[in-house]
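# Observations on the model geometry
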Amino acid sequence: MNILTRTGVVVILSSVVVLSGCDTLSKKFIRKSKKEKAAVQMVLEPEVYTGPVMTREERYRQAFMFWQNWHDEFIAALIQDGNRKKQIDTSEEALKNLKAMQGQLVAGKQEILEGYIRRLRDLEDMVKQDIYGQNVSQIRSAAERLKRDILRDFSYTDVKNELQ
């Protein structure tokens, strides 16, 4: 036999084997039909998180503790050439927690605490107006006096019988 006929026979036989018996080759060239996927419908049920149930004493203590920490941060921020934005932010947080404390008290104590809230608001305004930080030491001493007054009049042991 001739070499050309041998190679021709080998090529023909291999082509027949490849085309007829190879399943993967037919899978490569035949387009699969697209089946519609069953759409899974998501059902979302909102879950209401109420948070931990706190007693009025716990709410007051928490607000008092937050106020005390933020007021300490406010006093610490009142240093010469200090960060003015931090001074304003800490005073706002201390004010917010004082208002939370006020909401837990009876009417008579709320009015007394309102005076302290006004004093803290005045200190915050002084910080905002003191762009160059020339009155920081005066503001700091006023903030320390305010803290002492609030601790004296509104610690939990002093107001535990006057909570709403």
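Let me begin by describing the structure that accompanies this report. This structure is a prediction, so every number in the text was calculated from the model and none was measured. (Residues numbered from 1 in each chain as written. Predicted model: local features only at pLDDT ≥ 70, side-chain atom pairs only at ≥ 80, totals over all residues. Heavy atoms only, no water.)

## Considering the overall build of the chain
Counting secondary structure elements, the chain contains seven helices and zero strands. Along its sequence from the N terminus, the chain presents helices and strands in the succession α-α-α-α-α-α-α. Within the chain, the fraction of its 164 residues that count as buried is 27%. For the chain, contacts bridging at least 24 residues in sequence account for 71% of all contacts bridging at least 6. (Helix = DSSP H or I, 4+ residues; strand = E, 2+ residues; numbered from the N terminus. Buried < 20%, exposed > 50% of the residue type's maximum accessible area, 1.4 Å probe, protein only. Contact = heavy atoms within 4.5 Å.)

## What to know about the nonpolar core
Core analysis: the largest hydrophobic core is formed by 29 residues, its most contacted members being Y60, M101 and F154. Apart from the residues lying within four places of it in its own chain, the contact partners of Y60 are M101, Q104, L105, F154, Y156, V159 and L163. (Core = buried A, V, L, I, M, F, W, Y, C linked by side-chain atoms within 4.5 Å.)

## Some remarks on the environment of I112
Take I112: it is sitting in helix α5 (residues 107-129). A residue is classified by how much of its surface remains accessible, and I112, at 44% relative accessible area, is partly exposed. Separated by ten residues in sequence, I112 and Q102 have C-alpha atoms that sit 9.3 Å apart.

## Concerning the side chain of Q104
Counting through the fold element by element, Q104 comes out in the loop between α4 (84-103) and α5. At 3.3 Å, the side chain of Q104 and the side chain of R59 are in polar contact. Those residues within four positions of Q104 in sequence are excluded, and the remaining contacts are R56, R59, Y60, E162, L163 and Q164. (Polar contact = N/O pair within 3.5 Å; in protein donor to acceptor, adjacent residues only side chain to side chain.)

## Examining helix α3 (residues 56-77)
Taking 1.5 Å of rise per residue, 22 residues should cover 32 Å, and α3 covers 31 Å from first to last C-alpha, within 8% of that figure. Buried residues in α3 make contact with α4, α5, α6 (136-154) and α7 (156-159). (Expected span 1.5 Å × (residues − 1).)

## Regarding the pattern of salt bridges
Applying the stated criterion across every chain, the model contains eleven salt bridges. Where E73 meets K86, a salt bridge forms, and the shortest distance between an N and an O atom there is 3.9 Å. You can see E73 sitting in helix α3 and its partner K86 sitting in helix α4, a full 13 residues away along the chain. For K86, a relative accessible area of 40% translates into the label partly exposed. The residue R119 makes a salt bridge to D149 at a minimum N-O spacing of 3.1 Å. (Salt bridge = Lys/Arg side-chain N within 4 Å of Asp/Glu carboxyl O.)

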